[in-house]
Amino acid sequence: MGDHISKDEFSATDVRKDDISEDRAEEAAKRAAKKTVKKEPKHGGKGNAAVHRMWTAVWMLLCAVLLIQIWGLNQRIEVLKERMDRLARIAAQQQDRLEELTEGPGQDGAHGTNGAPGEDGRTDAAQVSGQGIAGSQGFDRDGQKTGSGGQASASREPDAAHKVYLTFDDGPSANTDEILDILDRYGVKATFFVVGREGSQAEDALRRIVEEGHTLGMHSYTHDYDQIYESVESFAEDFEKARDYLYEVTGVESTVYRFPGGSSNAVSHIDMREFAEYLDSQEIRFFDWNISSGDGGSFLVPVEMLIENCTATIKDHGTSVVLMHDGTAKSTTLEALPEIIETIQAMEDTVLLPITDETSVVQHIQWKSEGQEASDYNR
């Protein structure tokens, strides 16, 4: 009897075991459910964050594109404003010319800003104290003088002990307009020896050089030494292409030339006098230089050195032809130009002029026979 378990005791024990099993199963199910619920939002949150970051990046990109477009429009507006200002100045000059023609001839004007207008219709024919001849005159294909053009010769050059000619090689470039702006601000005319760079921007710059009274010279079409100096025939071909291109763009025919590397270059295997004689047969005068800025290399020359190079020896010459370069990479030349002009303008009995048909040539080589016009390197 002691080992006998009643029916009631067995049933109670069995029920408790079943309850415990059910409770454990229920708790396990709840824990599993909780894990599932936690995982789903976590997974979904990562996806939403990634989508949000993607749209944020797209929005920022669109904003950046919009800002670039706005900046580009502002740049175009500034360019248009400059062109409108330039046209307004030209219109004002033409109006002054009409008024002077109505009133009659003015004074001689060889030494002042209120002189008689030049043949090109500009009123300030010649200026001293560092201001160049305002007016440029070229020739068309019939040999007739044009209103403005490749070589400034609207008036006789003013008398001065020191005549200085700023010249810029290798343009036009992205810096040409800014160079012209600086020259305009100081009332100075210069000479641009250009190459055959085509495109609307380059052609606009060439026309502006002519319209604003500077001298437009040739510096070859290709600036390829090996091709240009291969033979007199190849030189002639390049020269004619350059001359025709400038005439096509500006309507005037340039009458001055600068050899790539100068007439004393060590590249040509042909005697440079042969090329000089060819230019002479085309009624073209070539100009070298007797003052160099030193900016022709691939490295940037410090502004202070450029100013010193361009101005230190002017007093040693009656005619100073200053070599500079019009190139996009020549940023320090652009920075130095205002002070170069101011320094020269402050010199006594010194004028800044563009090259004209009256300018004494500065040439590195002696190529003309005795009795002909001598070259002038050290003048």
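Structure: see above.
So, a few notes on the structure that sits alongside this text. Model, not experiment: these values are computed from the prediction.

**Regarding the packing of helix H2 (residues 176–186) against helix H3 (residues 200–211)**
In contact at an axis separation of 10 Å, H2 and H3 are set at 20° when each is read in the N-to-C sense. Here H2 lies roughly parallel to H3, going by the angle between them. Where H2 crosses over H3, the handedness of that crossing is left-handed. Contacts between H2 and H3 involve Thr176, Asp177, Leu180 and Asp181 from the first element and Ala205, Arg208 and Ile209 from the second.

**Things to note about H2**
Here H2 has its buried residues at Thr176, Ile179, Leu180, Ile182, Leu183 and Tyr186. Projected down its long axis, H2 carries its buried residues within an arc of 160°, all on one side. Contacts made by the buried residues of H2 are with strand S1 (162–171), strand S2 (191–194), H3 and helix H8 (331–345). Immediately beyond the C-terminal end of H2, within one or two residues, lies Gly187, with a positive phi of roughly 70°.

**Quick look at the packing of helix H5 (residues 232–250) against helix H6 (residues 272–281)**
If you want to describe how two helices pack, look at the angle between their axes and the distance between the axes. H6 packs onto H5 with a crossing angle of 45° between their chain directions and a minimal axis gap of 10 Å. When the axes of H5 and H6 are compared, the pair comes out oblique. Considering only the axes of H5 and H6, their crossing is right-handed. Across the interface between the two elements, Val232, Phe235, Ala236, Phe239 and Glu240 from H5 touch Glu274, Phe275, Tyr278 and Leu279 from H6.

**Considerations on unusual backbone geometry**
At the junction of Gly171 and Pro172, the peptide bond is cis and its omega measures out at 0° in the coordinates. The residue Pro172 is located in the loop between S1 and H2 in this model.

**Things to note about a nonpolar patch on the surface**
A grouping of Val51, Met54, Trp55, Val58, Trp59, Met60 and Leu62 is seen on the molecular surface, where their side chains present a nonpolar patch of about 780 Å² in accessible area. Mapped onto the fold, Met60 is located in helix H1 (residues 7–103).

**Side note on a negative patch on the surface**
Residues Glu274, Glu277, Asp280 and Glu283 make up a contiguous surface patch of negative charge. Counting through the fold element by element, Glu274 comes out in helix H6.

Quick notes on the rules
- The residue count restarts for each chain, going from 1 along the sequence in the order it is written.
- Residues qualify for local features only when their pLDDT is at least 70, as the model is predicted, and side-chain atom pairs are given and counted only at 80 or more; totals for whole chains, interfaces and linings, by contrast, use all residues.
- With hydrogens and water stripped out, all remaining heavy atoms of the structure feed into the side-chain values.
- Between N-to-C directions, angles span 0 to 180 degrees; the directions come from axes that are lines fitted to C-alpha atoms, helices contributing only their stretch in contact.
- Helical segments are the DSSP runs of H or I of at least four residues, strand segments are the runs of E of at least two, and each set is numbered from the N terminus.
- Any angle between 65 and 115 degrees counts as roughly perpendicular, while under 35 counts as roughly parallel, over 145 as roughly antiparallel, and the rest as oblique.
- Working rule for handedness: look at the near helix, and if it is turned counterclockwise from the far one by less than a right angle, call the crossing left-handed; if clockwise, right-handed.
- For this analysis, residues touch if any pair of their heavy atoms sits within 4.5 Å.
- Under the scheme applied here, a residue whose accessible area is under 20% of the maximum for its type counts as buried, over 50% as exposed, and between as partly exposed, the area being computed with a 1.4 Å probe on protein chains only.
- As used here, the arc belongs to the directions running from the helix axis to the C-beta atoms.
- Residues enter a patch when their relative accessible area is above 30% and they make no salt bridge; the linking distance is 9 Å between like charges and 5 Å between nonpolar side chains (Val, Leu, Ile, Met, Phe, Trp, Tyr).
- Each accessible area is a Shrake-Rupley result for a 1.4 Å probe, and residues are judged covered by the shown protein chains and nothing else.
- The term salt bridge refers to a pairing of a side-chain nitrogen on Lys or Arg with a carboxyl oxygen on Asp or Glu at a separation within 4 Å.
- Charge counting follows a simple rule: Lys and Arg are positive, Asp and Glu are negative, and His as well as the terminal groups are ignored.
- Charged side chains are reduced to one point each, which is NZ for Lys, CZ for Arg, CG for Asp and CD for Glu.

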